[in-house]
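Here is what each chain is made of, one letter per residue.
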Amino acid sequence: MDITDFYDTFFEEAEELLADMERHLLELDPAAPDTEQLNAIFRAAHSIKGGAGTFGFEILQRTTHLFENLLDHTRRGELRLRPDIVDTFLETKDMLNDQLDAYRNEQAPDQEAYERICQTLKTLALEEIGQALDGGAEPTAPAAAAAADPVPAPATTAPPADSPADQDATSEAPAQDDGTALVVALIGVADKDRELLVEELAQLGEVLERRGDAQRHEVVLSTSVSAEDIEAVMCFIAEADQVEIGPCQSIAGTAPVTGTDSAPESAGDSAGDSAEKAPAAPAPAAEPVPATPGAAATSATTADAGSPPPRQQRKTSAKPVKEASSIRVSVDKVDQIINLVGELIITQSMLDQTVSELDAAADPRLLNGMSLLQRNARDLQEAVMSVRMVPMDYVFSRYPRLVRDLASKLDKDVELTTEGESTELDKSLTERIIDPLTHLVRNSLDHGIESPEARLAAGKPATGRLTLSAQHQGGNILIEVIDDGAGLDRERILAKARESGLNVSDAMSDDEVWQLIFAPGFSTAAQVSDVSGRGVGMDVVKRNIQAMGGHVEILSRQGQGTTTRIVLPLTLAILDGMSIRVGEETFILPLSAVLESLQPSRDNLYAMAGDDQVLQVRDEYLPVVAVHSALDVANARTEITETIAVIVQGEGRRYALLVDDLIGQQQVVVKNLETNYRRVPGVSAATILGDGSVALILDIADLHRLDREKKQRRHHDTRGAHLLPESQPLTEDLSA
């Protein structure tokens, strides 16, 4: 078994650990840090260091080793936190992330950056605690430090659990001397996996003996690798509760209760971390005898008698682990399952349509069976689609650090609040929403929220409030970026629009004025900075969200704040649609875009310049888009009063689409048209109907643009045709 097979697993888990580390660092109160948060940060660094050492990522291991030592001093109260120290810890976390990315891309980490962060951590230790941090220069530093430490004495002379020597011995995870025999117990591991694990152990040392049964299989290993490093690689293959590691006597339980079969456990290293097992010091040789898995824990407890009890004892007995209830699955596999379920739904629709044409009284069992198949297929579809759904916390968790750093850079006090973190969205959309949402957050911090002085002068609290919220609304998800800042200045936006040459008027509604900020190159910033002001970004935000089938809305009150609302479909794989007929063709309108339908009358139609027409719907005038004209559909109704006007919304505007008939509402499986064919103007995707035919899913805004282009082209051609007879003689002369 090649250890590189587990690189991806390590990279994913290390990335999650770094994300947790950043979250805890941002939540820390430097004046009164929470012990559990400090322990969680330490455990994250501890786990990454162990995995990095196992896979040979030396620079990552050395950096994490220094960081881990500093965190150990912090949680023991020897290093008092300050905001600038937390900043240094966050900078270190960023450096670890960069190193992880370098190894993921099979590149060498930046040596200069590595040396700089190591020097920063060492200087911090000297200045704050008056001690030098070991490690960071040689990969074997932990082993060298451990070799210099004496073996702990028996229980009667054991140092207190909180003593520095004991803490160092535990946190540094000393490596075993050459020839030291460890016992690796594999509990409840399947035969196939057990052989792979034993094969992996053979690469870490010499397998001296194998014993036990399928339930508990013990491997005696002679190795110089630390028990911690062995455990790190084992836990990438097996669950944490399926692996126990220690000297022969520790696992076999042969050492006397009063002996020194294990070192006193460091309170800090074990706090809140029952899954991590620090290697015990070698005990005097003793004849192995069978013992229960809990013998080591009993021995360790007795050995620590008379010393302050650790905050949490390490458990070596097998126990259920919550992580066992989840597995890591490639997104490609999930996509494949979703595609197969989509094909199943299409097939079921075909059968359903065929059966619906039969006589209902002919075979009622067939109809009942089809009804049951339809219900089960829908349940299966919803269950499979839920696999792709991830909570919005996956997105929101990225912004506390961004807000903290940017607010500090802008000299503003900002409090970030998140709501609806458990709201779920398709994973493909969460990846694509991050960049637009990041720009909106930066925009709120730079343009929206005022400086503390300006806020106090306006009668507001000095600390601004920024809220990120998410909620479901029908088949959509609403993501809002809300700030209590100065709001948008209507007059300033109109003035800037006129300077930019945009066609605007004072009669425009507020919604139309707010949409101007999405124009390319538009910016009201007084000066250009590295945060904003170049007019680049908001147009990209709008374009990216529209590419996901969504739209952006803005609500603002001057002096009170701005709400930017993003409306997105929950998933791009399944669509609730409205089937329409134009001529002999069937099209699908996204149901989320359909507002209402009505029969147009001549009294409500008004002609505009050129061939444009608008339809009055109550107090609003909507552009008319004839689908048959835009898509060149033959045999369609051309008399407007004989058609049906479907009122739809796209890109923040409303339109009246003229169609022949409304067929009904149905859920369809979205097929990418560009992947399978090519891009078609006015069309966003395609689907397969129950009769096997292909129906195009219309793109509302693009359909309107296509209709206008064709009208302008026809108008130009007509105008040219009128001029042609007068120009004919000249043409004949030139040809002659």
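Residues numbered from 1 in each chain as written. Predicted model: local features only at pLDDT ≥ 70, side-chain atom pairs only at ≥ 80, totals over all residues. Heavy atoms only, no water.

1. With respect to the overall build of the protein chain
Scanning the protein chain for helices and strands turns up 24 helices and 22 strands. Residues classed as buried in the protein chain amount to 46% of the 736 residues present. For the protein chain, the computed accessible surface area is about 36,600 Å², with 50% contributed by carbon and sulfur atoms. (Helix = DSSP H or I, 4+ residues; strand = E, 2+ residues; numbered from the N terminus. Buried < 20%, exposed > 50% of the residue type's maximum accessible area, 1.4 Å probe, protein only. Areas by Shrake-Rupley, 256 points an atom, 1.4 Å probe, with all protein chains shown as cover.)

2. Details of the packing of aromatic side chains
The full count for this structure, using the stated rule, is eleven aromatic pairs. Measuring from centroid to centroid gives 5.7 Å for F10 and F57, while their planes differ by 40°, and the two rings are tilted. With F10 in helix α1 (residues 7-27) and F57 in the loop between α2 (35-55) and α3 (58-75), this residue pair connects regions lying 47 residues apart in the sequence. Geometrically, the ring pair formed by F67 and F89 is edge-to-face, given 5.4 Å between the ring centres and 65° between the ring planes. Taken together, the positions of F67 in helix α3 and F89 in helix α4 (residues 83-104) put the pair 22 residues apart, joining distant regions of the chain. For the pair F67 and F89, one class covers both residues: buried. Put simply, the rings of Y7, F10, F11, F55, F57 and Y103 touch in pairs and so form one group of aromatic residues. Note that R75 overlies the ring of F42, its terminal NZ or CZ placed 3.5 Å from the centroid. Between R398 and the ring centre of Y394, over which it is positioned, the NZ or CZ distance is 5.1 Å. (Phe/Tyr/Trp six-rings, centres within 6.5 Å; stacked < 30°, edge-to-face > 60°. Lys NZ or Arg CZ within 6 Å of the ring centre and 35° of its normal.)

3. A short note on the sheet that holds strand β13 (residues 585-590)
Taken together, the five strands give an open sheet; going across it, the order is β20-β12-β13-β22-β21, and neighbouring strands pair in mixed fashion. The two strands at the open ends of the sheet, each matched to only one other strand, are β20 (661-669) and β21 (683-688). If you compare each strand with its neighbour and ignore which way they point, the axes differ by 35° on average. Two elements, β13 and strand β22 (residues 694-698), share two bridges in a ladder whose sense is parallel. Across the sheet, residue F587 finds its bridge partner in β22, namely L696. (Pairing = 2+ DSSP bridges. Axes fitted to C-alpha atoms, helices over the stretch in contact; angles between N-to-C directions.)

4. Some points on the side chain of Q242
Mapped onto the elements, Q242 comes out in the loop between α9 (227-234) and β4 (243-247). Separated by 3.2 Å, the side chain of Q242 and the backbone oxygen of G188 make a polar contact. Dropping the residues within four chain positions of it, Q242 is found in contact with A185, L186, I187, G188 and V189. (Polar contact = N/O pair within 3.5 Å; in protein donor to acceptor, adjacent residues only side chain to side chain. Contact = heavy atoms within 4.5 Å.)

5. Notes on the packing of helix α16 (residues 399-409) against helix α17 (residues 427-448)
Their axes nearest at 11 Å, the elements α16 and α17 cross at an angle of 30°. Compared by their axis directions, α16 and α17 come out roughly parallel. Seen along the crossing, α16 lies across α17 with a hand that is right-handed. Judged by residue contacts, Y399, L402, V403 and L406 of α16 engage I434, L437, T438, V441, R442 and L445 from α17. (Parallel < 35°, antiparallel > 145°, perpendicular 65-115°, else oblique. Left-handed = near helix turned anticlockwise from the far one by under 90°.)

6. So, the environment of E128
Its place among the elements puts E128 in helix α5 (residues 111-129). Taking the C-alpha atoms as reference, E128 lies 9.9 Å from I85; in sequence the two are 43 residues apart. With residues up to four places along the chain from it excluded, the contact list for E128 reads L79, R82 and I85.

7. With respect to the confidence of the model for the protein chain
Put simply, the protein chain has an average pLDDT of 76, and 76% of its residues get 70 or more. Mean pLDDT values for the elements of the protein chain range from 35 in helix α6 (residues 141-148) up to 93 in strand β6 (residues 414-419). Confidence over residues 250-324 falls short of pLDDT 50; this stretch has 147 contacts with residues more than four positions distant or in other chains. Contacts for the low-pLDDT stretch residues 723-736, under 50 throughout, to residues beyond four places or in other chains number zero contacts. (pLDDT = per-residue confidence, 0-100.)

8. Here we look at the environment of A202
Among the secondary structure elements, A202 is positioned in helix α8 (residues 191-204). With relative accessibility at 42%, the residue A202 sits in the partly exposed group. Separated by 20 residues in the primary sequence, A202 and S222 place their C-alpha atoms 9.4 Å from one another.

9. Thoughts on a negative patch on the surface
Residues D98, D101, D110, E112 and E115 make up a contiguous surface patch of negative charge. Secondary-structure elements contributing two or more residues to the negative patch are α4 and α5. Structurally, the position occupied by D101 is in helix α4. (Patch = residues over 30% accessible without salt bridge, like charges linked within 9 Å, V, L, I, M, F, W, Y side chains within 5 Å. Salt bridge = Lys/Arg side-chain N within 4 Å of Asp/Glu carboxyl O. Lys, Arg positive; Asp, Glu negative; His and termini not counted. Charge placed at Lys NZ, Arg CZ, Asp CG, Glu CD.)

10. Comments concerning α8
If you check α8, its first and last C-alpha atoms are 20 Å apart, about what 14 residues at 1.5 Å a residue would give, namely 20 Å. Residues of α8 that are buried include every one of R194, L197, V198, E200, L201 and L204, and no others. End-on, the buried residues of α8 take up no more than an arc of 160°, which puts them together on one face. (Expected span 1.5 Å × (residues − 1). Arc of directions from axis to C-beta.)

11. Observations regarding the pairing of strand β9 (residues 476-483)
Counting buried positions over the eight residues of β9 gives seven, a clear majority of the element. As paired elements, strand β8 (residues 464-473) and β9 share eight bridges and run antiparallel to each other. Its bridge partner being in β9, A470 is matched across the sheet by I479. For β9 and strand β11 (residues 561-569), the ladder comprises eight bridges, and the chain directions are antiparallel. Counted as the bridge partner of I477 is L568 from β11.

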